[in-house]
Structure formats: structure tokens, C-alpha cells
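The residues making up each chain are set out below.
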Amino acid sequence: MKAGIISLGCAKNLVDTENMLGLLKYAGIEITTDRNEADVIIVNTCGFIESAKSEAIETILDVADLKQKNLKKLIVTGCLAQRYKPQLMEEMPEVDCFVAIEEYRQLGAILSQQLGVKIPNDYGLVPRVLSGKPWMAYLAISDGCLNRCAFCAIPLIRGNLKSRDMDEVVKEAERLVSEGVREITLVAQDCTRYMFDVDHRSHLSELLKRLDVIEGLHWIRILYMYPDEMEDGLIETIASCRHVLPYFDIPTQHGSNAVLKRMRRRTTREEILARVEKIRSILPQAVLRTTLITGFPGETQQEHEETVSLVKAIRWNHLGAFTYSREEGTAAYDMDDNVPQEEKERRRAEIMAVQDEIARSILMEQIGRECEVIVERTDPLTHMYVGRTWMQAPDNVDGVIRFHPMKEHTAGEFVTVRVTKVSGQNLIGEEL
């Protein structure tokens, strides 16, 4: 029997996918990346916003067409299944089984019944199978969220914060490094509240210190740190660690205090500015990334302009802006969604135009500087190597660096490159 998995959505969902692959592998099922030869395909879905739900449904229907050929079983997991399982079971009979996130601990038994093969209930207990580049891995440190932002459906899907045991996290990191991983990216809905569900204190600094001493681990990156929970001690820990990158992914969502209050965010514009100033005072070289929402219910032109001014004041290295998506079950669902979609898109485009200029000017400052780069592939057209500097996360949103090599390299190597020019939102360089 051959099985394949299609993973949609965020890095946290990818970790779930890799745990499923581990479960199948250790049950003796062959894994394939060719959907045309798979006997069973699992579609691990995202259901966070409208565009993600549409993508998931389109993917499921595309895969269902394969049942007219060789495909015997189609199984759907993930956030969409968690959020809409009863409706989906009624409306999509072509799917053999929907598995909600809350059922993952029984995934072995469910798959055993569907596939007729004995699969133990070892989800998350056997080593996961990395589905991407073997030199880097995402490491989930918790699931769920204690925040109740008005626009966000994550707590409805993933539930309250559930932190993983620290020894378990460190043990998995050690195993990944022993298998060749050189870069680990910590992910959670809210990394800054790691273990807050245990004793109402963040233990992220303690975790970073333990990971920092793992022999062979070269880069440690953290994604999703909330500004109101980022204590000075955490910034100082990042500054003191040898391998923890000064890379701060801080979802701020808006620049207007009035909108932040309606969003039920626990921070203000002034606190965001102060937190960024503190980071840069301790780590002048820090890279800052954020996400913003345009067109939140009631957002006026003046409030939008406050967001634009915050973007200009902070000068983020990387920024993603998204139009507001009305999600049932959230506090904002019953608010008057009175900003037309066309206007949401216009405001988003304005923010991104401002950010593009800022990001390019920051990149221009890199010309002539030396930076550490992880090699990822070669460009078949230019024969240049393509990689990422420490300033670029592995999720394909921060750009890449292309460089002329001094010698041949294998993917996953670290080299030193001098930046020579900027191309769009990417860097060009030469190896030293």
C-alpha cells in the first residue's frame, strides 16, 4: 500500500503532517509523493480564513477525481475537518473519512479501520518524517492559544494553550540534529506564552538556553512572538545565546489604538513602538517582521492611515498584510463588516507599496556587508547558488540570496557571502 499526504496551511500544520507521515512509515506503509500512484491520500487542511478554506475544498475535489483511477481512499484531516466535520460529511460524500484535530490521538485506530492495516495509536510518539529540506525543521512547542483576538478562529479550532513538555521538546531537537538538521524554527500560535498554561509564567527563555547548547545546531529561529508578552529578559536571552537568531516575528495587526481595542488585542500603538525600541537598543542588528489586517469592521480612513504611519515609523524588515476575513464563531463575526472588499484591497495595496520601499531601502544597506548564508539549491539558468541569510526565514516570504560560489557546495552548508546588489526583494552576492 502506498500513501501520500498533501499539507496545506501554516508551519504548525506541516508539523502535524510530518507526524502523520511518521505514523504511516512506522506502520510499514510506503510513502509516495506521486498522487497518481497513491492508494490513499490524506489532505491535511487549513481552515483559518476564507481563502484557506476555499483552497482546501478545491484540493479535496481535485484529489477526489483520482478515485476514478487508482485512488482507493481519500481522508481529510486538519483545521477544516475540526471546524466543519458534520457539514463536510454531509456535503462531500466522495471523502471516505474526516478526522478532526481532537481525534489525532486515535488516528492509528481510525486509519486501521479505513485502510485495513494495523496502525498503532502512536501519533506524535514515533519520530516524524521531515517532508521538506533535510537540513531544517520546524519544531512545535505548543498548540492552541489563550488569546481571544476578535478576528481569530484559532482558539475555536485548536483550543486553549497546551504546551509541550520541555524535556520532550529538547529531546526532539536533539534527534533532529542527529539526523542532519542544522536549522530549527520554533513555532506555536504564541511562542511567548510557552508553558504559561502550567504555572502562569513564560519559560521560553529557559527553553532557548537549553536548545542553544545542542552540539551541531547552528540556527534557532522563533516565529510568532506577541509584543505585550515579550519581556526584557527574553530579548536579553536571545542576545546572549550563540545560535538563537535576533529575528523577531511580532504580529501587531494594526496601528490604531481604537482598532486594536476592537480587535481585543492587549497592546497599544505606544507599547508596540516601545517594544521595538527596546529590541533595537539591545540588538541593533535585529530583524523585525509583522502581520497586519486591513478593513477590520469599522476601520476608518484615519485609522488606516495610523497603520501606514506605524509602518513608516518602525521600518519593518518584512511585513505581510491581509484583508479582514469574517469568520463565524469569532467575536468580530457579528460586527458590521462595513468596509467594502475593494477598499480593503486598496488599503492593503497601499501598505504593501509603502513596505516594499522600506524593505528595499533596508536591503540596499546590506550591500558590501558580509553575512552567513545557508545553501539550499542551485539555479539551473544562472548556475548561481540560492540560499538564505540568517535574516530570511524558511517559509518563503522573506526572499532569498543568490550568489556566485568560490567552490562547489552541498545543500545545507553554511558559507560567508558578501552582498553586491539588490534584485527586487532578494539579495545578490559573492562567496568569500
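It should be noted that the structure appears before, not after, this text.
Everything numeric here is computed off the predicted structure, so don't read it as measured data.

What counts, and where the lines are drawn
Residues numbered from 1 in each chain as written. Predicted model: local features only at pLDDT ≥ 70, side-chain atom pairs only at ≥ 80, totals over all residues. Heavy atoms only, no water. Helix = DSSP H or I, 4+ residues; strand = E, 2+ residues; numbered from the N terminus. Rg over C-alpha atoms; globule rule 2.2 N^0.38 Å. Buried < 20%, exposed > 50% of the residue type's maximum accessible area, 1.4 Å probe, protein only. Contact = heavy atoms within 4.5 Å. Areas by Shrake-Rupley, 256 points an atom, 1.4 Å probe, with all protein chains shown as cover. Lys, Arg positive; Asp, Glu negative; His and termini not counted. Charge placed at Lys NZ, Arg CZ, Asp CG, Glu CD. Pairing = 2+ DSSP bridges. Axes fitted to C-alpha atoms, helices over the stretch in contact; angles between N-to-C directions. Polar contact = N/O pair within 3.5 Å; in protein donor to acceptor, adjacent residues only side chain to side chain. Arc of directions from axis to C-beta. Core = buried A, V, L, I, M, F, W, Y, C linked by side-chain atoms within 4.5 Å. Parallel < 35°, antiparallel > 145°, perpendicular 65-115°, else oblique. Left-handed = near helix turned anticlockwise from the far one by under 90°. Nonpolar A, V, L, I, M, F, W, Y, C, P; charged D, E, K, R; others polar.

Details of the overall build of the protein
Inference 1: A tally of regular secondary structure across the protein gives 13 helices and 18 strands.
Inference 2: Compactness check: the protein gives a C-alpha radius of gyration of 22 Å against a globular reference of 22 Å for 432 residues, within 12% of the reference.
Inference 3: On the principal axes, the C-alpha backbone points of the protein span a range of 60 × 60 × 50 Å.
Inference 4: Scored against the burial criterion, the 432 residues of the protein give a buried share of 55%.
Inference 5: Relative to all contacts within the protein whose residues are 6 or more apart in sequence, the contacts with residues 24 or more apart total 72%.
Inference 6: Carbon and sulfur atoms make up 50% of the accessible area of the protein, which amounts to about 18900 Å² in all.
Inference 7: In the protein, 53 positive and 67 negative side-chain charges are present, and the distance between their average locations comes to 1 Å.

Considerations on the sheet that holds strand 18 (residues 426-431)
Inference 1: With respect to topology, five strands assemble into a closed barrel ordered 14-15-16-18-17, the strand pairing being mixed. Looking at each pair of strands side by side, their axes are set apart by 50° on average, direction ignored.
Inference 2: Summarising the sheet, strand 15 (residues 385-389) and strand 16 (residues 401-404) pair through three bridges and their orientation is antiparallel. Bridge assignment links Gly387 to a residue of strand 16, and that residue is Ile401.

Focus: the environment of Gln392
Inference 1: Relative to the assigned elements, Gln392 resides in the loop between strand 15 and strand 16.
Inference 2: Residue Gln392 is classed as buried on the basis of its relative accessible area of 3%.
Inference 3: Put simply, Gln392 and Arg128 are 264 residues apart on the chain and 25 Å apart in space, counted from C-alpha to C-alpha.
Inference 4: For Gln392, the contacting residues outside a window of four places in its chain are Arg221, Gly387, Asp398, Gly399, Val400 and Ile401.
Inference 5: From its side chain, Gln392 meets the backbone nitrogen of Thr389 in a polar contact 2.9 Å long.

A look at unusual backbone geometry
Inference 1: Phi is positive for His200, which is not a glycine, with a value near 60°.
Inference 2: Tracing the sequence through the fold places His200 in the loop between helix 7 (196-199) and helix 8 (204-212).
Inference 3: A positive phi is found at His383, a non-glycine position, where the angle reads about 65°.
Inference 4: Of note, His383 is situated in the loop between strand 14 (370-378) and strand 15.

So, the environment of Thr294
Inference 1: Along the polypeptide, Thr294 turns up in strand 12 (residues 287-294).
Inference 2: The class for Thr294 is buried, based on a relative accessible area of 0%.
Inference 3: Look past the residues within four positions of Thr294 in its chain and what remains in contact with it is Glu299, Phe322, Thr323, Tyr324, Lys344, Arg347, Arg348 and Ile351.
Inference 4: Among the polar contacts listed, one links the side chain of Thr294 to the backbone oxygen of Lys344, at a separation of 3.1 Å.

Describing the side chain of Asp249
Inference 1: Mapped onto the secondary structure, Asp249 falls in strand 11 (residues 247-249).
Inference 2: Within polar-contact distance, the side chain of Asp249 engages the backbone nitrogen of Tyr224 at 3.5 Å.
Inference 3: Leaving out residues up to four positions away in the same chain, Asp249 has contacts with Ile222, Leu223, Tyr224, Met225, Arg289 and Thr290.

With respect to helix 9 (residues 232-240)
Inference 1: The complete set of buried residues in helix 9 reads Leu234, Ile235, Thr237 and Ile238. Looking down the long axis of helix 9, one finds its buried residues gathered within 160° of arc, a one-sided arrangement.
Inference 2: Its buried side turned inward, helix 9 meets helix 8, strand 10 (219-222), strand 11 and helix 11 (269-282).

Considering the pairing of strand 6 (residues 136-140)
Inference 1: By the criterion of burial, strand 6 is predominantly enclosed, with five of the five residues buried.
Inference 2: Here strand 6 shows two buried faces, one formed by Met136, Tyr138 and Ala140 and the other by Ala137 and Leu139.
Inference 3: As paired strands, strand 6 and strand 9 (residues 183-187) are joined by five bridges and run parallel to one another. Note on strand 9: the bridge partner recorded for Tyr138 is Thr185.

With respect to the nonpolar core
Inference 1: Core analysis: the largest hydrophobic core is formed by 53 residues, its most contacted members being Ile141, Leu186, Leu204, Leu207, Leu208, Ile222 and Phe248.
Inference 2: At six residues, the largest contribution of residues to this core is made by helix 6 (residues 166-178).
Inference 3: The residues contacting Leu204, other than those within four sequence positions of it, are Ile141, Leu186, Cys191, Thr192, Tyr194, Ile222 and Leu234.
Inference 4: Grouped together as the second largest cluster of nonpolar side chains are 23 residues, Ala3, Leu24, Cys97 and Ile101 included.

Observations concerning the packing of helix 12 (residues 301-314) against helix 13 (residues 341-364)
Inference 1: Between helix 12 and helix 13, the shortest axis-to-axis distance is 10 Å and the interhelical angle comes to 15°. Between helix 12 and helix 13, the interaxial angle falls into the category roughly parallel. Classified by chirality, the crossing of helix 13 by helix 12 is right-handed. Where helix 12 approaches helix 13, its residues Gln301, His304, Thr307, Val308, Val311 and Lys312 are matched on the opposing element by Glu343, Arg346, Arg347, Glu350, Ile351, Val354, Gln355 and Ile358.
Inference 2: Along the lines of polarity and charge, the residues of the contact of helix 12 with helix 13 split into five nonpolar, four polar and five charged.

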